[in-house]
Every structure is written in structure tokens, then in C-alpha cells.
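Residue-level structure breakdown
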Amino acid sequence: MAGRTDEVMRRKDCRLSVPNLAAVTGVAETTVRNAIREARKLGLLTVEERQITGFRNDTNIVRIVSPE
């Protein structure tokens, strides 16, 4: 777990997939998606979608905007 937190502290963002975030936090994938969607609506974070080709995507980059 320390490696993941070091990476987030260094990059200031999260590049984990939704299934990985769900596993790390101990909640369902739907809960992760709903939390990200709500936080995005409230302006607490931004989500950068990374499209590789027309049919493939890399994991999104989630950045916390608000210090709260």
C-alpha cells in the first residue's frame, strides 16, 4: 500500500482503475463510480479521460481540486 500512496503523493493524481480503487477501499465498483461522479459534480475533483484508440482507453486520471 505504501507504494500506491507514494505514487499519488508524487504525481498528485490517481491512475488506478475503478476495480482497483474498489478493492483498495473495500467498496463495490458502483460505489466508486457514484462517488467520483458526485465529487466531480461538486467540483471537488477533475477526471481526465485518456483515449488510446477509437476502441481502447487507458485508466482515467483523477485529480483532487479541493483541499477538503
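The following paragraphs examine the structure supplied in this document. (Residues numbered from 1 in each chain as written. Predicted model: local features only at pLDDT ≥ 70, side-chain atom pairs only at ≥ 80, totals over all residues. Heavy atoms only, no water.)

1. With respect to the overall build of the protein
Going by this rule: Put simply, DSSP marks the helices as runs of H or I at least four residues long and the strands as runs of E at least two long, and each gets a number from the N terminus on. Throughout, exposure labels follow a simple rule: accessible area from a 1.4 Å probe, protein chains only, divided by the maximum for the residue type, with under 20% read as buried, over 50% as exposed, and the rest as partly exposed. Any two residues having at least one pair of non-hydrogen atoms within 4.5 Å are treated as being in contact. Under the convention used here, a 1.4 Å probe and the Shrake-Rupley method define accessible areas, while residue burial counts only the protein chains that appear.
Within the protein, the regular secondary structure consists of three helices and two strands. Put simply, the protein has 68 residues, and 16% of those count as buried. At a minimum sequence separation of 6, the contacts of the protein that also span at least 24 residues come to 23%. Carbon and sulfur atoms form 55% of the exposed surface of the protein, whose accessible area is close to 5300 Å².

2. Side note on the side chain of Asp13
Stated precisely, the cut-off is as follows: Here a polar contact is recorded for every N or O atom pair within 3.5 Å, except that within protein the pair must consist of a potential hydrogen donor and a potential acceptor, and residues adjacent in sequence are included only if both atoms are side-chain atoms.
Note on placement: Asp13 falls in the loop between α1 (2–11) and α2 (18–25). Within the local environment of Asp13, its side chain forms a polar contact with the side chain of Arg15, the two groups lying 3.2 Å apart.

3. What about the pairing of strand β1 (residues 45–51)?
As a reminder, the rule being used: For two strands to be treated as a pair, DSSP must find no fewer than two bridges joining them.
For β1 and strand β2 (residues 57–64), the ladder comprises six bridges, and the chain directions are antiparallel. Bridge pairing in β2 links Arg50 to Asp58. Connecting β1 to the next strand, β2, in antiparallel fashion are five residues.

4. Let's talk about the environment of Thr46
In this fold, Thr46 is placed in strand β1. Once the C-alpha coordinates of Thr46 and Asp13 are considered, the two residues, 33 residues apart in sequence, prove to be 9.6 Å apart. Each residue touching Thr46, except ones within four places of it in the same chain, is listed here: Ile61, Val62, Arg63 and Val65.

Don't take any of this as a statement about function, it's just geometry.
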